Amino acid sequence: MGQDKALLPFGGRPLALRAAELVRQVCGDVTLVGGAREYAAFGFPAIEDAFPDRGPLGGIHAALQHSDARFTLIVGCDMPYLTPDFLEFLLRVAQEAAADAAVPESEAFGYEPLCAVYARSCLGPIERGLQENRCKVSQVFGQLRLRLITPAEWKPYDPDGRLFQNLNTPEDYERAQQELCLRVPEAPAGKEE
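Owing to the predicted nature of the structure, the values given are computational and were not obtained by experimental measurement.

Novice: With reference to specific residues and values, describe the nonpolar core.
Specialist: Of all hydrophobic cores here, the largest spans 32 residues; its most connected members are Leu-73, Leu-82, Phe-86, Leu-87, Leu-90, Cys-115 and Val-117. In contact with Leu-90, not counting residues within four places along its chain, are Leu-73, Ala-102, Pro-104, Cys-115, Ala-116, Val-117 and Ile-149. Formed by 18 residues, the second largest nonpolar core is a distinct cluster that contains Leu-57, Leu-64, Leu-123 and Ile-126.

Here it is, written out as structure tokens:
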């Protein structure tokens, strides 16, 4: 994209704020992983990676290290087609499974680690992986008990086949703006749980 995707405007607010509001509808508590200075105006706590420049695994580690919860929902800011109903389903599956992580499996990309629920038990293996410079999420998944969410399970929440589509190019961004901005309802302001 050539710039920080999290700060791109989408439906009148930055992508990161839109994702945070979506997660707040489902979980109540939200923490942004990224530059505290850049995200200060969003009204959510922001934390930085303990292992900088390690990609998504570094961000997942930061979120787990910061969280006191048994389960932590991780959502990338560039997935505008996610819905509260699907995230609630994902949390429910994680809470019922005897697994370290509940991870959707998409037909196009395999694991969706930035739309998943991680138990506290993931922190140790993820930290060891980062210390050993294994920075790909897939390199750590082999050490975790995964509960894969199959396409048959998530497709009822995805009638258009776009649930895990993210914004990687300016064309993706423009298309999503055109498709969603006019029909996505605004998140309720100030909803507290």
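Novice: Explain the environment of Phe-51 residue by residue, including any values.
Specialist: In this fold, Phe-51 is placed in the loop between β4 (46-47) and α3 (55-66). When the C-alpha positions of Phe-51 and Val-93 are compared, they lie 29 Å apart, and in sequence the two are 42 residues distant. The residues contacting Phe-51, other than those within four sequence positions of it, are Gly-58, His-61, Glu-127, Leu-130 and Gln-131.

Novice: Describe unusual backbone geometry, naming the residues involved and giving the relevant values.
Specialist: Look at Asp-53: it is not a glycine, yet its phi comes out positive at around 60°. Among the structural elements, Asp-53 can be located in the loop between β4 and α3. A relative accessible area of 79% places Asp-53 in the exposed class.

Novice: With reference to specific residues and values, describe the pattern of salt bridges.
Specialist: Tallied over the full model, the rule gives 8 salt bridges. Salt-bridge contacts for Lys-5 lead to Asp-78; the nearest nitrogen and oxygen are separated by 2.6 Å. Of this pair, Lys-5 sits in the segment before β1 (9-10) while Asp-78 sits in the loop between β5 (71-75) and α4 (84-96), and the two are 73 residues apart along the sequence. The exposure class of Lys-5 is partly exposed, given its relative accessible area of 21%. The salt bridge partner of Glu-132 is Arg-134, with a shortest N-O separation of 2.6 Å.

Cut-offs applied
Residues numbered from 1 in each chain as written. Predicted model: local features only at pLDDT ≥ 70, side-chain atom pairs only at ≥ 80, totals over all residues. Heavy atoms only, no water. Core = buried A, V, L, I, M, F, W, Y, C linked by side-chain atoms within 4.5 Å. Buried < 20%, exposed > 50% of the residue type's maximum accessible area, 1.4 Å probe, protein only. Contact = heavy atoms within 4.5 Å. Helix = DSSP H or I, 4+ residues; strand = E, 2+ residues; numbered from the N terminus. Salt bridge = Lys/Arg side-chain N within 4 Å of Asp/Glu carboxyl O.

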